[in-house]
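Residue-level listing of the chains:
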Amino acid sequence: MILTDIIAQNFLKYARLELTDLPAQGVIAIDGANESGKSSIGEVICFALFGRTFSLDDGNLQKLIRWGEPACSITLRFLANDQTHYQITRMLDRSGNHGVLLSRVDDADNPIARGHDEVDAAVYDLLGYGYDEFIESYYLAQREIIAPQPQSQAVKSMAGLSPLEYVAYEHEQEIDREKASIDRLQKQIEQLDEELTALELDPTAISSLESEQHALQANQTLLQEKRQTLEEAFGRYCQMLPKRFAARRAGRRARFYRLLCLLGALAAAVGWGLLARLPDHPYSVRLASLFKTYIPQWEAQYLTGLLYAAVGLTLLFVLLWIRVVTKQMKVNRLTAAAEDLAAALESAQLSPATDWAMPRTEDEAASDQQSLSQRILDETLSISELEPAVEQLIEAMGEKRDTLQQQGIRLGMALQKEQERVEQGEQIKIARQGLMEQRAEHERRISIGHKALELLSGATQNLSLRFNRDLGASVGRTLPIFTDNRYQHLQIEDDLSVRVFSSQKRDFMDLEEISSGTQRQIMLALRLALAQALNQRTEGGRQFVFLDEPFAFFDQERTRNTLRALPRLDEQISQIWIVAQDFPVGEAFDRSLACDRLRAELVA
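Residues numbered from 1 in each chain as written. Predicted model: local features only at pLDDT ≥ 70, side-chain atom pairs only at ≥ 80, totals over all residues. Heavy atoms only, no water.

## Regarding the pattern of salt bridges
In the structure shown here, the tally under the stated rule is 15 salt bridges. With its nearest N and O atoms 2.7 Å apart, the salt bridge here joins Arg177 to Glu174. Note that Arg177 and Glu174 are positioned in helix H5 (residues 161-199) at a spacing of 3 residues, about one turn of the helix. Residue classification places Arg177 among the partly exposed residues on the basis of a relative accessible area of 43%. Residue Lys451 pairs with Glu454 through a salt bridge whose shortest N-O separation is 3.6 Å. (Salt bridge = Lys/Arg side-chain N within 4 Å of Asp/Glu carboxyl O. Helix = DSSP H or I, 4+ residues; strand = E, 2+ residues; numbered from the N terminus. Buried < 20%, exposed > 50% of the residue type's maximum accessible area, 1.4 Å probe, protein only.)

Right, dumping it as C-alpha cells:
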C-alpha cells in the first residue's frame, strides 16, 4: 500500500492538513521541534486506516479532535496491491459519533463499505493485515523501538502462526467440549447404573415364574380333567345301577328256568329211554304205571311225545343258558362303570382338591378313599351314601379350581410385572450402551484432537524456527549497513530474544553489552525485517513504512548512514516516512515536510 493523499481537518493540533501527490518511492522527511505536530501525521494515518491510534484506544478518541472544535474529519487515499486507488473517509465528533466510508477514488459516491466494523473487515481484506500487525511492522511510534514480543499476535501473524494457533485453540475448545460431554454422559451412565441396581433384577426370576405358571396351569388342567371324569363316571354309575339290577334279576330268572328245563329234559330223556328200550325193567313198569295213574289217557303211542319233550326242553335249556350268559356279560359291562367311578374317586382323592374336600389326616383320607372305592366295587355302598360324598368332592375340586385360577391371576400379574421390569432393565441397558458408544466417540474425538494438537505444535515449532531463521537472515542483510559492518549477524531465539555477533570480539553479545545507539540500530533493523516479512506474507507489493523518531540517540554519522541505507533495503518498501527533530545537513529527500508548533496548518 502506497499513500497518495492525506487530508485532515481539526485533528489534534492541525486545523488543516493537506498532503497531496505524495511520492510513491523514496524518503518523505518530516522535521520540526517538539510538539510541532510531526507525530500527528503518523496518528492521522493510523486513525484513518484502523479507527484508533498508538496512543489512544477506542474509549478516548474524542481527544483526537482539535481543542475547541466540535468534530474532525480525515480522508486518506492510497494505492493497494492491485493498483486500485482507494480512499477512506472518517468523521468523529465530541458526542462519540464515528462515521467511516471506504470507496474507490474514481467512484466516491458508491462506497465499498460503510461503518466501523464493515470498513475494518474490508481494509483487512485489501491489505492482508490489521492494526496489531501494522504497529509491529510498518509503523514505528515515537520512542517505541523495542524488540517484538514473542506472544504478540502481530508477530505470530507475520510468522504464519496465527492460523495454526487459531486452529489449535479451536481444537482445545473442542477437546474441552468433548470432555464436558463425557462428564455429562458419565453422570447419565452412573444414573442409569443406579436405576438398574435399584431394579434388583434376578436373571432366574422369569424362568422360575414361568415354570410355576406352567405347573399351575398343568394342575388346573389336571384338576379340571379329574373333576370332569368324576362327574361323568358318577353320571354313568347312576345310570348303570338300575340296568345292572334288572340284568341280574333277569339272569337269576333265566338260571332258574334253565335249571327247570335241564331237570325236565333229563327226566323226559330217562323216561323215554326206560320205556322205549327197557319196557320190562321194573323201573319201566313202575314208571308206566305212574304215567297211567296221573295221565289216564296215556297210551304207548304217546311215548314219542316224551322224546320230543326231552328234545324241546333241551333246546329251551340252551336258549336259557345263552340268556344267562348274555345277562352276565351285560352285568359285567355295567360293572365297569363302577370300576371307572372307583378309579375316578381314587384319582380325585389324590388331586390337590383332597385337602379341601376332606380336611383330615393322611391316614384318615387314605382309609376313607379305600373304603369308598372298595365299597363301590363290593356293591355295598348305596347311592344315598355315595352321592353326598361325590358332590362334596366335586365341590371341593371346584373350589380348588377357583383357588388355582386366583393363584394363576396373581402369578400372571407377577410375571407381567417382572417382564415389565426386565423390559425396563433392557431399555436401560440399551440406553446405557448408547451412552457408552457416545462416550467412546467423544474419547475418539479427544484422541484425534490431541493428535491434531501434536501435529499443530510441530508445525508451529517448524514455522517459528523458519520465521526466526528468515528474520535473522533479513536482519543480517541490513545490520552491516546500519552499523558500518561492526555487527553483521543476529541470533534470534525462539522467544525472539536477540544477541548480536561482534566482528571485533568474534562472539555473540547480549544487547545490554552494547551502546544504546547500537541497540536502536539493531532494533530498527529488526523492525524493518518484520516489515519485510509481513509484506512477503501478504504479497502486499509496494509498501510504505512510517518511522517516528527512529534516530534518537544516534550520532550524526549513524543517522546519515542509516538514511542513505534505508531506500536500498528492499525495493518493495519503497515509500519511507521518517520523523526527526532535525536531519544531517546536506541530506536530500524526495519530499520534505517542516512542522512548526506555532502553525496550525500544513499544506504540501
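Next comes the rest of the description.
## Looking at the state of the cysteines
For the structure shown, the criterion picks out 0 disulfides. In this structure Cys46 is a free cysteine whose sulfur lies 14 Å from that of Cys72, the closest cysteine sulfur available. Its relative accessible area of 0% is what places Cys46 among the buried residues. Summary of cysteine pairing: Cys595 is not part of a disulfide, and the nearest cysteine sulfur, belonging to Cys46, is at 17 Å. Owing to a relative accessible area of 10%, Cys595 belongs among the buried residues under this scheme. (Disulfide = S-S within 2.5 Å.)

## Points about a positive patch on the surface
A cluster of like positive charges, contributed by Arg249, Arg252, Arg253, Arg255 and Arg323, occupies part of the molecular surface. In terms of residues, the positive patch owes the most to one element, helix H6 (residues 205-277), which gives 4 residues. Owing to a relative accessible area of 40%, Arg249 belongs among the partly exposed residues under this scheme. (Patch = residues over 30% accessible without salt bridge, like charges linked within 9 Å, V, L, I, M, F, W, Y side chains within 5 Å. Areas by Shrake-Rupley, 256 points an atom, 1.4 Å probe, with all protein chains shown as cover. Lys, Arg positive; Asp, Glu negative; His and termini not counted. Charge placed at Lys NZ, Arg CZ, Asp CG, Glu CD.)

## A short note on the environment of Gly26
If you trace the backbone, Gly26 turns up in strand E3 (residues 26-31). Residue classification places Gly26 among the buried positions, given a relative accessible area of 9%. The sequence separation of Gly26 and Val105 amounts to 79 residues, and the corresponding C-alpha distance is 23 Å. In contact with Gly26, other than residues within four places in its own chain, are Ser574, Gln575, Ile576 and Asp590. (Contact = heavy atoms within 4.5 Å.)

## Focus: the packing of aromatic side chains
Aromatic ring pairs are defined here through the distance separating the ring centres and the angle between the ring planes. Under the criterion given, the structure shown has 12 aromatic pairs. Judged by centre distance (5.8 Å) and plane angle (40 degrees), the rings of Phe11 and Phe47 are tilted. In this pair, Phe11 is assigned in strand E1 (residues 2-11) and Phe47 in helix H1 (residues 38-50), connecting sequence segments 36 residues apart. Each member of the pair Phe11 and Phe47 is classed as buried. Among the aromatic residues, those joined into a ring-pair cluster are Phe50, Tyr129, Tyr131, Phe134, Tyr138, Tyr139, Phe544, Phe546 and Trp577. Residue placement shows Arg90 over the ring face of Phe47; its charged tip is 5.8 Å from the ring centre. (Phe/Tyr/Trp six-rings, centres within 6.5 Å; stacked < 30°, edge-to-face > 60°. Lys NZ or Arg CZ within 6 Å of the ring centre and 35° of its normal.)

## Considerations on unusual backbone geometry
Its identity is not glycine, yet Asn10 carries a phi of approximately 55 degrees, on the positive side. Summarising the element assignment, Asn10 is placed in strand E1. Non-glycine residue Glu549 carries a positive phi angle of around 55 degrees. Relative to the helices and strands, Glu549 is located in the loop between strand E12 (543-548) and helix H13 (556-565).

## What to know about helix H11 (residues 383-482)
With 100 residues, H11 ought to run about 148 Å at 1.5 Å a step, and its terminal C-alpha atoms sit 142 Å apart, in line with that. Of all the bends in H11, the greatest, near 30 degrees, is centred on Gly476, and the proline Pro480 appears no more than four residues after it. Backbone geometry just after H11 places Asp484 at a positive phi near 55 degrees. (Expected span 1.5 Å × (residues − 1). Bend = angle between axes of the 7 residues up to and from the residue.)

## Some words on the environment of Arg439
Relative to the elements of secondary structure, Arg439 occurs in helix H11. The contacts of Arg439, once residues within four sequence positions are left out, are Ile182, Leu185, Gln186 and Ile189. Looking at Arg439, its side chain comes within polar contact range of the side chain of Gln186, at 2.2 Å. (Polar contact = N/O pair within 3.5 Å; in protein donor to acceptor, adjacent residues only side chain to side chain.)

## Here's the deal with the nonpolar core
With 90 residues, the main nonpolar core has Leu3, Ile6, Ile41, Phe134 and Trp577 as its most contacted residues. A per-element tally of this core places helix H12 (residues 516-538) first, with 11 residues. Non-local contacts of Phe134, meaning those with residues more than four positions away in its chain, are made with Cys46, Leu49, Phe50, Tyr129, Tyr139 and Phe544. Counting residues in hydrophobic clusters, the runner-up holds 28 residues, among them Leu209, Ala338, Leu341 and Leu393. (Core = buried A, V, L, I, M, F, W, Y, C linked by side-chain atoms within 4.5 Å.)

## Focus on the environment of Phe583
Mapped onto the elements, Phe583 comes out in the loop between strand E13 (573-580) and strand E14 (591-594). Between the alpha carbons of Phe583 and Thr559 there is a distance of 7.9 Å; along the sequence they are 24 residues apart.

## Describing the sheet that holds strand E8 (residues 139-140)
Across the sheet, which stays open at both edges, the 5 strands sit in the order E8-E12-E13-E3-E14 with parallel pairing between neighbours. Two strands in the sheet have a free side with no partner beyond their single neighbour: E8 and E14. Judged from the 4 bridges that link them, E3 and E14 form a sheet pairing that is parallel. From the neighbouring strand, Ile30 faces E14, where its bridge partner is Leu593. Sheet contacts for H1: E3, E8, E12, E13 and E14; angle to E12, the most-contacted strand, approximately 140 degrees. (Pairing = 2+ DSSP bridges. Axes fitted to C-alpha atoms, helices over the stretch in contact; angles between N-to-C directions.)

## Overview of the side chain of Lys38
With respect to the helices and strands, Lys38 occurs in helix H1. Despite its burial, Lys38 remains without a salt bridge, the nearest opposite charge being carried by Glu549 at 4.2 Å. For Lys38, the side chain forms a polar contact with the main-chain oxygen of Ala33, separated by 2.9 Å. Contacts of Lys38, omitting those with residues within four sequence positions, involve Tyr14, Ile30, Asp31, Gly32, Ala33, Phe546, Glu549, Val579, Ala580, Gln581 and Cys595.

Any functional reading would require information beyond the geometric quantities listed.
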